[in-house]
Amino acid sequence: MIGFGFDVHRLAEGESLILGGIPVESPFGTVAHSDGDVVLHALTDALLGAAGLGDIGEHFPDTDPQWRGAASSQFVLHAMMLLNEEGLKPVNVDVALTLEAPKIKQYKQPMRDHIAMLCSLPPERVNIKATTNEKLGYVGRGEGVQAYCVCDVQPAVG
Ligand code: MG
């Protein structure tokens, strides 16, 4: 089954920027109830989506103080546990990230490794793509960062 996820967060000066579980050096970071990791939020939604399990907001409401400042890796691990209960596992993960700055080339491999660890996948089954928004729209003006994710989920065998 295919799952798809999308997430966006506002950027503000002095906040921290964490993408795919990796701290990224930047004067601007995400404004969020959790750690604002759009990559892991999109991934969580893709995993939930593939299994027909709703969305991240249903499982981790931002009104719940339990999730304030939460490391988003927790969301992915929880989604993985739900998939496991359904006898499912991801086969691959593909992420597209759009942000105007900074360049995240040096962070791609650490993101792949981190997501691979969370999803019990070899790193070569995790792909990270990043692009600017060509200075267009809110991403192009540096007001936000967004991520899309698709994953293939299959019955776990053995
Ligand atoms: Mg989010």
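Above this text is the structure in question.
Presented here is a report on the structure given in the accompanying data block. (Residues numbered from 1 in each chain as written. Predicted model: local features only at pLDDT ≥ 70, side-chain atom pairs only at ≥ 80, totals over all residues. Heavy atoms only, no water.)

## A few points about the coordination of the magnesium ion
- Taken together, Asp7 (OD), His9 (NE2) and His41 (ND1) make up the protein donors of the magnesium ion, found 2.1 to 2.3 Å from the metal.
- Sequence positions of the donors to the magnesium ion reduce to the motif D-x1-H-x31-H. Taken together, the residues span a long stretch of sequence, with Asp7 in strand β1 (residues 2-13) and His41 in helix α1 (residues 38-50) at a distance of 34 residues. Each member of the pair, Asp7 together with His41, is buried. (Donors = N, O, S within 2.8 Å, 3.2 Å for Na, K, Ca; no water. Helix = DSSP H or I, 4+ residues; strand = E, 2+ residues; numbered from the N terminus. Buried < 20%, exposed > 50% of the residue type's maximum accessible area, 1.4 Å probe, protein only.)

## Structural notes on the environment of Asp37
- Here Asp37 shows up in the loop between β4 (28-31) and α1.
- The contacts of Asp37, once residues within four sequence positions are left out, are Ile18, Leu19, Gly20, Gly21 and Ser72.
- A polar contact is formed between the side chain of Asp37 and the backbone nitrogen of Leu40, at a distance of 3.1 Å. (Contact = heavy atoms within 4.5 Å. Polar contact = N/O pair within 3.5 Å; in protein donor to acceptor, adjacent residues only side chain to side chain.)

## Some remarks on helix α3 (residues 73-85)
- Its 13 residues place the ends of α3 18 Å apart at the C-alpha level, agreeing with the 18 Å of an ideal helix rising 1.5 Å per residue.
- Among the residues of α3, Ser73, Phe75, Val76, Ala79, Met80, Leu82 and Leu83 are the ones counted as buried.
- Next to the buried residues of α3 lie α1, α2 (56-59), β5 (88-98), α4 (105-118) and β7 (144-155). (Expected span 1.5 Å × (residues − 1).)

## Describing the environment of Leu77
- Considering the arrangement of structural elements, one finds Leu77 in helix α3.
- Judged by its relative accessible area of 44%, Leu77 falls in the partly exposed class.
- Linking Leu77 and Cys149, residues 72 residues apart in sequence, is a C-alpha distance of 16 Å.

## Topic: the nonpolar core
- If you look at the biggest cluster of nonpolar residues, it comprises 41 residues, and the most contacted ones within it are Leu19, Leu43, Leu47, Val93, Leu97, Ile115 and Cys119.
- The set of elements that each furnish at least two residues to this core consists of β2 (17-19), β3 (22-24), α1, α3, β5, α4, β6 (126-131) and β7.
- If you tally residues by element for this core, the top one is α1, at nine residues.
- Sequence-distant contacts of Cys119, that is, excluding residues within four places in its chain, are made with Leu43, Leu47, Val76, Met80, Pro90 and Val93.
- Counting five residues, the second-largest nonpolar core is a separate cluster that includes Ile56, Trp67, Ala70 and Phe75. (Core = buried A, V, L, I, M, F, W, Y, C linked by side-chain atoms within 4.5 Å.)

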